[in-house]
Amino acid sequence: MKRTILSATAMAVATAFALPAFAEKSMSADIAIIGGGLSGLAAGVQAIQGGAKVIVLEKQAKVGGTGNLCEGFFAAESKLQKRIGINVSKDAAFKMIMEYSHWKANGALAKAFVDKSAQTLDWMEALGIKYEYVGVGGFGGPLTWHVVAPGPDYPDKDPKDFHCARVINVFNKFILNNGGTILTKTPGTGLITEGNKVVGVKAKSEDGEDIKIAAKAVVVATGGFANNKEMIRKYAPEFADVIPVGNIGKEGDGIRMSEAAGASLEGMPVMQLYRPGLPGFHPADQMIAAAVQPYFWVAPNAQRYTDESNVEFWPSSGNSLARVGGVAYSIYDDATRKHVVEDGIEMPLGEWVLQGTKLTKWEESFNKELARKRGFVFKANSLDDLAKQIGIDPVMLKASVERMNKAVANRVDDEFNKNPKFLRPIATPPFYATKLLPRMLGTLGGVRVTAKAEAVDAKGVTIPGLYAVGTDAGGLYGDTYDLLLGGSTAGFAVNTGRIAAENALIYAGIAKAKK
């Protein structure tokens, strides 16, 4: 009996010593931010500047996420625009957003974003961020895209200290150097509520420890659901197989936990459609750069299906590809191959591959993929053989090619009225084909919010203490991503982050509302 008591005592002691590894850790903050990308870090900086104690939770090993890949930000009536005579008014930009969306966009949210955009550039400049130039989203569009210049650590100390990665570096350092806390490898797992109020967030550390953070306000900034196939199939079935570019771990965490807390959703089918391409290829890959030149694309029925030059406005290209089932083929001959290699490309790929770039690395990339025999690229000395390899009707393909060659000779595209400068013949063997699949840079639907980035329920009533920003917030777009205003997605991320923080400071009683 005594041995039994001693054994039980020993077990109790052992259990007591083991408890800390499984115990819940308690923390507190004025504002807790779930997600350390552009929008979440912008919210963190703004909140700290306003006097708040801030904790940022980041799922990945380092901050930034997709924000590390963008290049610049939208603004209207910025100092730089005014200095060089660019006339893009806030009124014109707002109306462009609303008219493009046929007024399906959240007008109050869009106006808040546009009206704050220029001041946000000043705010970032005060933090040490500079701008290299102002560009367009698509050819002929308004000059709104403020491309971020390299920072002082580029390229020797940090080869990535430029574009939006520069912004991430600045935001990250500011938060850590000014009393903020950033917990990496620590995803948010749920919101803590009291009645209809959000009063904190639950998280899990890298070693499995549960963390409970009491907060006066919570900002959800987890970056959408680009990697969640189930959510994409549910909300956007026509894009079920879309390839996410630059997205890791975007599982819709913030959207799902907000919905569980009573938030309504908006714009969930809207994808940030990108140029067509293939999985596993960098946005600057030269084989892809050649394939998306606006020359001759066919659907699986071997017929052209679009004006290929709409690739300059990626969403249009993505929509037309989805309409024919999400598979197409870019076909060109050896003369066109020599053209893009020796003369350079006509259609740029943003800052990744500039207009006029000679694709001297095309051969290396194409031949490497050809040797892998994955059915992504093809090469043949005849159109019959090419069609056979692809698996399309050779008679129909030759008819489509003949029609294109006639358009080239007449300088008129009688199928889709494409600009004649993009008409090129398919006549000189060998012939090349690259499979085209839909790609996206992220999802654009999310939590329904007010102009103050406050989450609302199905009746439009705000959920106290809950804010959603960046691609966790829906409402900026109607049914299609808008590339007319260059830098809008990155700009929306930073501006909504700031807007949420400013209003969370007021809600938390740390700042007073402006009259």
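Scope of this entry: the structure provided in the associated data block. (Residues numbered from 1 in each chain as written. Predicted model: local features only at pLDDT ≥ 70, side-chain atom pairs only at ≥ 80, totals over all residues. Heavy atoms only, no water.)

Going through the model one piece at a time under the given rule, you end up with one disulfide. Sulfur-sulfur distance for the disulfide between Cys70 and Cys164 comes to 1.9 Å. With the S-S bond torsion at -105°, the cross-link from Cys70 to Cys164 turns out left-handed. On the criterion of sequence distance, the pair formed by Cys70 in the loop between strand S2 (54–57) and strand S3 (72–74) and Cys164 in helix H6 (residues 163–177) is long-range, its members being 94 residues apart. Across this residue pair, the class does not change: Cys70 and Cys164 are buried. (Disulfide = S-S within 2.5 Å. Helix = DSSP H or I, 4+ residues; strand = E, 2+ residues; numbered from the N terminus. Buried < 20%, exposed > 50% of the residue type's maximum accessible area, 1.4 Å probe, protein only.)

What follows is about the packing of helix H5 (residues 107–126) against helix H15 (residues 488–507). Look at H5 against H15: their axes get within 8 Å of each other, and the N-to-C directions meet at 90°. Judged on the interaxial angle alone, H15 and H5 are roughly perpendicular. Contacts between H5 and H15 involve Leu109, Ala112, Phe113, Lys116, Ser117, Gln119, Thr120, Trp123 and Met124 from the first element and Ser488, Gly491, Phe492, Val494, Asn495, Thr496, Arg498, Ile499 and Glu502 from the second. When the residues that make up the contact of H5 with H15 are grouped by side-chain class, the tally is eight nonpolar, seven polar and three charged. (Axes fitted to C-alpha atoms, helices over the stretch in contact; angles between N-to-C directions. Parallel < 35°, antiparallel > 145°, perpendicular 65-115°, else oblique. Contact = heavy atoms within 4.5 Å. Nonpolar A, V, L, I, M, F, W, Y, C, P; charged D, E, K, R; others polar.)

Regular strands place their side chains on alternate faces of the sheet. Of all ten residues making up strand S1 (residues 25–34), seven are buried, and the element is well covered by its neighbours. Of the pairings in the sheet, the one linking S1 to strand S9 (residues 210–220) comprises nine bridges and is parallel in character. Paired with Ile31 across the two strands is Ala217, which belongs to S9. Examined bridge by bridge, S1 and S2 share four bridges and lie parallel to one another. Note that in S2 the partner of Ile34 across the bridge is Leu57. Considered for its hand, the β-α-β crossover made up of S1, helix H2 (residues 38–49) and S2 is right-handed. (Pairing = 2+ DSSP bridges. Right-handed = clockwise from strand over helix to strand, strands pointing away.)

Turning our attention to the nonpolar core. Grouped together as the largest cluster of nonpolar side chains are 65 residues, with contacts concentrated most on Ile97, Ile213 and Val218. Examining the composition of this core, we find that five residues originate from one element, S9, more than from any other. With residues near it in sequence (within four places) discarded, Ile97 still touches Ala110, Phe113, Val114, Leu476, Asp482 and Leu485. Formed by 45 residues, the second largest nonpolar core is a distinct cluster that contains Ile31, Ala47, Tyr467 and Val494. (Core = buried A, V, L, I, M, F, W, Y, C linked by side-chain atoms within 4.5 Å.)

Further remarks concern the pairing of S9. With five bridges joining them, strand S8 (residues 197–204) and S9 adopt antiparallel strand pairing. The partner of Lys202 across the bridge, within S9, is Lys212. The turn joining S8 and S9, which pair antiparallel and follow one another in sequence, is formed by five residues; a positive phi near 90° is taken by Gly208. In terms of strand pairing, S9 meets strand S20 (residues 462–468) through three bridges, oriented parallel. Within the sheet, the bridge partner assigned to Val218 lies in S20 and is Leu466.

Summed over all chains, the structure comprises 24 salt bridges. Between Lys173 and Asp153 there is a salt bridge, with its nearest N and O atoms 3.8 Å apart. You can see Lys173 sitting in helix H6 and its partner Asp153 sitting in the loop between strand S5 (143–148) and H6, a full 20 residues away along the chain. The class for Lys173 is partly exposed, based on a relative accessible area of 43%. Since its relative accessible area comes to 21%, Asp153 is described here as partly exposed. Arg403 serves as the salt-bridge partner of Asp414, at 3.5 Å between the closest nitrogen and oxygen. Remark: Arg403 occurs in helix H14 (residues 394–410) and Asp414 occurs in the loop between H14 and strand S16 (431–436); sequence separation between them is eleven residues. The network of salt bridges with common partners includes Arg304, Glu308, Arg403, Asp413, Asp414, Glu415 and Lys418. (Salt bridge = Lys/Arg side-chain N within 4 Å of Asp/Glu carboxyl O.)

It is worth spelling out the packing of helix H4 (residues 90–100) against H5 at this point. Two numbers describe a pair of packed helices, the interaxial angle and the distance between the axes. Following both chains from N to C, one finds H4 and H5 inclined at 145°, their axes separated by 10 Å at the closest point. The crossing of H4 and H5 is right-handed. Taking contact as the criterion, the partners of Lys90, Ala93, Phe94, Ile97 and Met98 in H4 are, on H5, Gly107, Ala110, Lys111, Phe113, Val114 and Asp115. When its residues are assigned to classes, the contact of H4 with H5 shows seven nonpolar, one polar and three charged. (Left-handed = near helix turned anticlockwise from the far one by under 90°.)

Pairing is antiparallel across the open sheet formed by three strands, whose spatial order is S3-S5-S4. With partners counted over all chains shown, the strands left at the sheet margins are S3 and strand S4 (131–136), one partner each. Averaged over all neighbouring strand pairs, the angle between strand axes comes to 30°, with direction disregarded. Looking at chain direction, S3 and S5 are connected through three bridges and run antiparallel. What sits directly across from Phe73, in S5, is His146. This element, H6, spans S3 and S5 of the sheet and lies at about 60° to S5.

So far we have only geometry, and geometry alone does not tell us how the molecule works.
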